[in-house]
Amino acid sequence: MIDLRETWWIGPVEIPTRLVLAPMAGVSVQAFRRQGRRFGAGLVCSEMVSCAGIEHRNERTLGYLRVATDEHPLAIQLFGSEPGTMAEAARMVEAAGADLVDLNFGCPVRKVTKTGAGATLLDDPDRAARIVSAIADAVEIPVTVKLRRGLRDGSRDCLVVGPCLVEAGAASLTLHPRSAQQMYTGTADHSLTAELVSLVDVPVIASGDIVSRAKAQTVLATTGASAVMVGRAAQGNPWVLEEIVDGGGREPSREEVVAELVLFIRETVRELGERRASGFLKKFYAWYLGRGRFPRPFKQELVVLDSTDEVERRLIAAAPGSLELIERLEAEVPSGEDVTLELPISIYGGG
């Protein structure tokens, strides 16, 4: 039995558990990452950040670079296709306080791949290696890369590209062994993960279909990977992280679910502002309250409410015992405002 509470390292960065919370677009806000750390993730990752957005000092993009003191170790993930632009963005990631700069060479979504970024780079190993090399030269923090098996079903490109990236300076690789063509269908072929582990001398993180402690243990034992990455299974369900790391498989009470969701709502509003948070949070209501925890009509009622305050009131009315838990959580967990570092002025180009 592998101890998932065991420390491991990416270069000089110590990671306290063998569980990594995946970077997910439209999900991995600071509130999600901080919650993940509380529930047992040893490393958390930002959603992918556009290097072009950073280059143009886009205000929303720069917002992704805000780091909280209780998130460490934290990877900020970049996507792009130009080595120079990406190296400059990586310097800003380092200045913002990230522990690792992660590169997305796996995103299968068309609006990313059509720009030559994401999974497209698996078809261009030379460019991929030049990007890694440029960034490794530009920053002191370790450079890591997340990749898929290749663009097309059955591809084994990751076994060619992966070692090239390590040679270029990558300190760790994360492999999601589905093709870009597969998106999230079918199953992840972790026999490829085992092959990649045998080819490189840096830690490999196994991503894809890690939904339980049993699956995590099996994948770690059969691949030799250093850690597992959990993504969709943790959406609205931080308890799965606890179960994977410590075992037990405890189903949370309704009161616990409401308390965690209310805290998540408050943190997200602090981070994004009421207007953006209100729309952003709607998908989370179904994720938290699903799995038979609350009746479907209740979730649908929340989605049509005008403000997050109204959502909070309805949630607490549905589980009055959650109030005490919310107060305890608020007392134990520092608010985002207390722990979030302001970006260095130079990042905004102000000096």
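Residues numbered from 1 in each chain as written. Predicted model: local features only at pLDDT ≥ 70, side-chain atom pairs only at ≥ 80, totals over all residues. Heavy atoms only, no water.

1. Concerning helix α6 (residues 125–138)
In step 1: Across its 14 residues, α6 extends 20 Å between first and last C-alpha, which sits within 8% of the 20 Å expected from 1.5 Å per residue.
In step 2: Within α6 the residues assigned to the buried category are A128, A129, I131, V132, I135 and A138.
In step 3: On its buried face, α6 sits against α4 (83–96), β7 (100–105), β8 (143–150) and α7 (158–168). (Helix = DSSP H or I, 4+ residues; strand = E, 2+ residues; numbered from the N terminus. Expected span 1.5 Å × (residues − 1). Buried < 20%, exposed > 50% of the residue type's maximum accessible area, 1.4 Å probe, protein only. Contact = heavy atoms within 4.5 Å.)

2. Digging into the packing of aromatic side chains
In step 1: Summed over all chains, the structure comprises 6 aromatic pairs.
In step 2: Judged by centre distance (5.8 Å) and plane angle (75 degrees), the rings of F39 and W239 are edge-to-face. One end of the pair, F39, is in the loop between α1 (30–38) and β4 (43–45); the other, W239, is in helix α10 (residues 239–246), and 200 residues separate them in sequence. As far as burial versus exposure is concerned, F39 and W239 are alike and both buried.
In step 3: Here F294 and F298 contribute two aromatic rings whose centre-to-centre distance is 5.5 Å and whose plane-to-plane angle is 25 degrees, an arrangement assigned as stacked.
In step 4: Every member of this aromatic cluster is reached through a ring pair, and the members are F264, F280, F284, W287 and Y288.
In step 5: Lying across the ring of Y184, R148 places its NZ or CZ 5.0 Å from the centre.
In step 6: Sitting over the ring of F280, K283 keeps its end group 4.4 Å from the ring centre. (Phe/Tyr/Trp six-rings, centres within 6.5 Å; stacked < 30°, edge-to-face > 60°. Lys NZ or Arg CZ within 6 Å of the ring centre and 35° of its normal.)

3. Thoughts on the confidence of the model for the protein chain
In step 1: For the protein chain, per-residue confidence averages 92 on the pLDDT scale, and 95% of positions sit at 70 or higher.
In step 2: Long-range and interchain partners of residues 345–351, a stretch whose pLDDT sits below 50, account for 12 contacts in this model, where long-range means more than four residues apart. (pLDDT = per-residue confidence, 0-100.)

4. A look at the pairing of strand β9 (residues 172–179)
In step 1: Here β9 lies mainly inside the structure; 8 of its 8 residues are buried.
In step 2: Neither face of β9 is open: one carries S172, T174, H176 and R178, the other L173, L175, P177 and S179, and all of them are buried.
In step 3: Pairing analysis gives 6 bridges linking β8 to β9, with the strands arranged parallel. Each residue of the ladder has a partner; that of G150, found in β9, is S179.
In step 4: Pairing between β9 and strand β10 (residues 204–207): 3 bridges, direction parallel. In the sheet register, T174 faces β10, and the bridge partner there is I205.
In step 5: In this region the chain leaves β9, passes through helix α8 (residues 190–199) and returns to the parallel neighbour β10; the handedness of that crossover is right-handed. (Pairing = 2+ DSSP bridges. Right-handed = clockwise from strand over helix to strand, strands pointing away.)

5. Points about the side chain of Q35
In step 1: Inspection of the secondary structure assignment puts Q35 in helix α1.
In step 2: Leaving out residues up to four positions away in the same chain, Q35 has contacts with P238, E260, F264 and Y288.

6. Notes on helix α11 (residues 254–272)
In step 1: Taking 1.5 Å per residue as the helical rise, α11 with its 19 residues ought to reach 27 Å, and the 26 Å between its terminal C-alpha atoms agrees with that figure.
In step 2: Within α11 the residues assigned to the buried category are V257, V258, A259, E260, L261, V262, L263, F264, I265, E267, T268 and L272.

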